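Examination of the molecular architecture
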Amino acid sequence: MSTNKPVELRSFWLIFIGGMLTGMGNGSVFGATLMCLMGRGGFAMWGGNGATAYDPSTFTGFIDWAMIVFGVAFCLILVVALGRHEKLERAAA
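The shown structure was predicted, so the numbers you read here are calculated from the model rather than taken from an experiment. Position numbers for residues count from 1 along each chain, tracking the sequence in the order it is written. Only residues with pLDDT of at least 70 are given local features in this predicted model, and only at 80 or more are side-chain atom pairs given and counted; all residues enter the totals for whole chains, interfaces and linings. Hydrogens and water are ignored here; the side-chain numbers use all heavy atoms of the structure.

What to know about the packing of aromatic side chains
Classification of ring pairs uses Phe, Tyr and Trp, with its six-membered ring standing for Trp, and accepts pairs whose centres are within 6.5 Å; under 30 degrees between planes counts as stacked, over 60 as edge-to-face, and the remaining range as tilted. Summed over all chains, the structure comprises five aromatic pairs. Judged by centre distance (5.0 Å) and plane angle (75°), the ring pair of F12 and W13 falls under edge-to-face. In this structure F12 comes out as partly exposed when scored by relative accessible area, which is 43%. One aromatic cluster in this structure is built from F12, W13 and F16. Accessibility here uses a 1.4 Å probe with only protein chains present; expressed as a share of the type maximum, an area under 20% marks a residue as buried, one over 50% as exposed, and anything in between as partly exposed.

And the structure:
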């Protein structure tokens with residue numbers, strides 16, 4: 001099956017779901033490590049209820065944003081990787 005659509009468009013859901021799951025999982029490990037190393041540190045509030053769960057000045061908000069950033073980064077990595085893979089496949093064909 002040959003198509004002219006770029007692989008990034010054909011694989012949108014794979015990129016989005018796979019990238020966000022992998023990246024946010026790694027972001028949560030980053031948060032757990034940070035919590036083990038520094039405790040609450042300089043964060044005055046723990047956060048975690050309602051909108052404070054996404055307020056970066058709270059500990060939970062900082063970790064939630066770290067997870068989102070890691071997820072988006074992994075999505076970008078997948079876009080680049082699949083794009084390069086497609087170029088190699090087309091060059092070999």
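Next, the rest of the story.
What to know about helix 2 (residues 12-38)
With 27 residues, helix 2 extends 37 Å from end C-alpha to end C-alpha; this agrees with the ideal 39 Å at 1.5 Å per step. The set of residues buried in helix 2 consists of I15, G19, M20, G23, G27, G31 and L34. Of the surrounding secondary structure, the elements contacted by the buried residues of helix 2 are helix 1 (7-10) and helix 3 (59-92). Each helix is a run of DSSP H or I of at least 4 residues and each strand a run of E of at least 2, with the numbering of both proceeding from the N terminus. Two residues or fewer after helix 2 comes G39, characterised by a positive phi angle close to 65°. An expected span of 1.5 Å times one less than the residue number is assigned to each helix. The contact definition used throughout considers only heavy atoms, calling two residues in contact when any of these lie within 4.5 Å.

Comments concerning the nonpolar core
Definition of nonpolar core: a set of buried residues of the types Ala, Val, Leu, Ile, Met, Phe, Trp, Tyr and Cys, connected through side-chain atoms within 4.5 Å. Judged by nonpolar contacts, L34, F43, F59, I63 and M67 together constitute the single largest core of five residues. Ranked by residue count, the leading element in this core is helix 3, at three residues.

Looking at a nonpolar patch on the surface
On the surface, a nonpolar cluster with roughly 580 Å² of combined accessible area is contributed by F12, W13, F16, I17 and L21. Secondary-structure assignment places I17 in helix 2. Taking the relative accessible area as the measure of exposure, I17 reaches 45% and is therefore partly exposed. Candidates for patches are residues over 30% relative accessible area with no salt bridge; among them, like charges are joined within 9 Å and nonpolar side chains (Val, Leu, Ile, Met, Phe, Trp, Tyr) within 5 Å. Each accessible area is a Shrake-Rupley result for a 1.4 Å probe, and residues are judged covered by the shown protein chains and nothing else. Any carboxyl oxygen of Asp or Glu that lies within 4 Å of a side-chain nitrogen of Lys or Arg is treated as forming a salt bridge with it.

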